[in-house]
Amino acid sequence: LNQLKENGFSKLDKVEYLLGWGEYQMLTGKVIINNIKKLLFESEISMYEVSKATGIPQTTLSRFKRKESDIENMSLKNALKLNDFYLKNYKGEDNA
């Protein structure tokens, strides 16, 4: 691990090294899903506002919020947009 640190690798690189690529991908996917759930179910923002900011149709977001569609089956494109929106707007609130 010291060798990774000396060569300028990030914390995520170290996690990937320790877990292996497959486990790292699973962990990353779980974090993204958890972020999306926080955004949809715990935040006060409307689905209209999320739709406007991400370009994801409000009807699509509402299906996930009403649990008519499973978040784990969401397209990667939409999952990444929602995760990015969450990280930009709500990440700091986790530690408040």
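Remember, predicted model here, so these are calculated numbers, not experimental data.

Definitions and limits used
- Residues numbered from 1 in each chain as written.
- Predicted model: local features only at pLDDT ≥ 70, side-chain atom pairs only at ≥ 80, totals over all residues.
- Heavy atoms only, no water.
- Helix = DSSP H or I, 4+ residues; strand = E, 2+ residues; numbered from the N terminus.
- Buried < 20%, exposed > 50% of the residue type's maximum accessible area, 1.4 Å probe, protein only.
- Contact = heavy atoms within 4.5 Å.
- Salt bridge = Lys/Arg side-chain N within 4 Å of Asp/Glu carboxyl O.
- Axes fitted to C-alpha atoms, helices over the stretch in contact; angles between N-to-C directions.
- Parallel < 35°, antiparallel > 145°, perpendicular 65-115°, else oblique.
- Left-handed = near helix turned anticlockwise from the far one by under 90°.
- Phe/Tyr/Trp six-rings, centres within 6.5 Å; stacked < 30°, edge-to-face > 60°.
- Core = buried A, V, L, I, M, F, W, Y, C linked by side-chain atoms within 4.5 Å.

J.: Tell me about the overall build of the chain, and please be specific about residues and values.
T.: Regarding its fold elements, the chain presents six helices and zero strands. N-terminal to C-terminal, the α/β element order of the chain is α-α-α-α-α-α. For the chain, the residues scored as buried account for 28% of the 96 residues in total. Sequence separation of 24 or more characterises 54% of the internal contacts of the chain that already satisfy a separation of 6 or more.

J.: Break down the pattern of salt bridges for me, with residues and values.
T.: Summed over the entire model, instances satisfying the criterion amount to two salt bridges. A salt bridge links Arg 66 to Glu 68; its shortest N-O distance comes to 2.9 Å. Residue Arg 66 is classed as exposed on the basis of its relative accessible area of 51%. The salt bridge involving Lys 88 is made with Asp 84; its shortest N-O contact spans 3.1 Å.

J.: Describe helix H5 (residues 58-65), listing the residues and the values that go with them.
T.: Regarding H5, the residues found buried are Thr 60, Leu 61, Ser 62 and Phe 64. A positive backbone phi angle near 60° is found at Lys 67, which sits one or two residues after H5.

J.: Give a detailed account of the packing of helix H4 (residues 47-54) against H5, specifying residues and quantitative values.
T.: Where H4 contacts H5, the two axes come as close as 9 Å, and the packing angle between them is 130°. Considered as vectors, H4 and H5 are oriented oblique to each other. For H4 against H5, the interelement crossing comes out right-handed. Seen from H4, the contacting residues are Met 47, Tyr 48, Val 50 and Ser 51; seen from H5, they are Gln 58, Leu 61, Ser 62 and Lys 65.

J.: Residues and numbers for the packing of aromatic side chains, please.
T.: Note on aromatic pairs: each is described by the distance of the centres and the angle between the planes. Summed over the entire model, instances satisfying the criterion amount to two aromatic pairs. With centroids separated by 6.3 Å and ring planes inclined at 55°, the aromatic side chains of Phe 85 and Tyr 90 adopt a geometry described as tilted. Phe 85 sits in the buried class, given a relative accessible area of 11%. In this structure Tyr 90 comes out as buried when scored by relative accessible area, which is 14%. Ring geometry for Tyr 86 and Tyr 90: centres 6.4 Å apart, planes at 20°, overall stacked. You'll find Tyr 86 and Tyr 90 in the same group, each marked buried. Through a chain of ring-to-ring contacts, three or more aromatic side chains come together here, namely Phe 85, Tyr 86 and Tyr 90.

J.: Outline the nonpolar core, listing residues and values.
T.: Core analysis: the biggest nonpolar cluster contains 17 residues, and Ile 36, Leu 39, Val 50, Met 74 and Leu 82 have the highest contact counts within it. Of all the elements in the fold, those that place two or more residues in this core are helix H3 (21-42), H4, H5 and helix H6 (76-89). In this view, Val 50 contacts Leu 39, Ile 45, Gly 55, Leu 61, Leu 82 and Phe 85; residues no more than four positions away in its chain are not counted.

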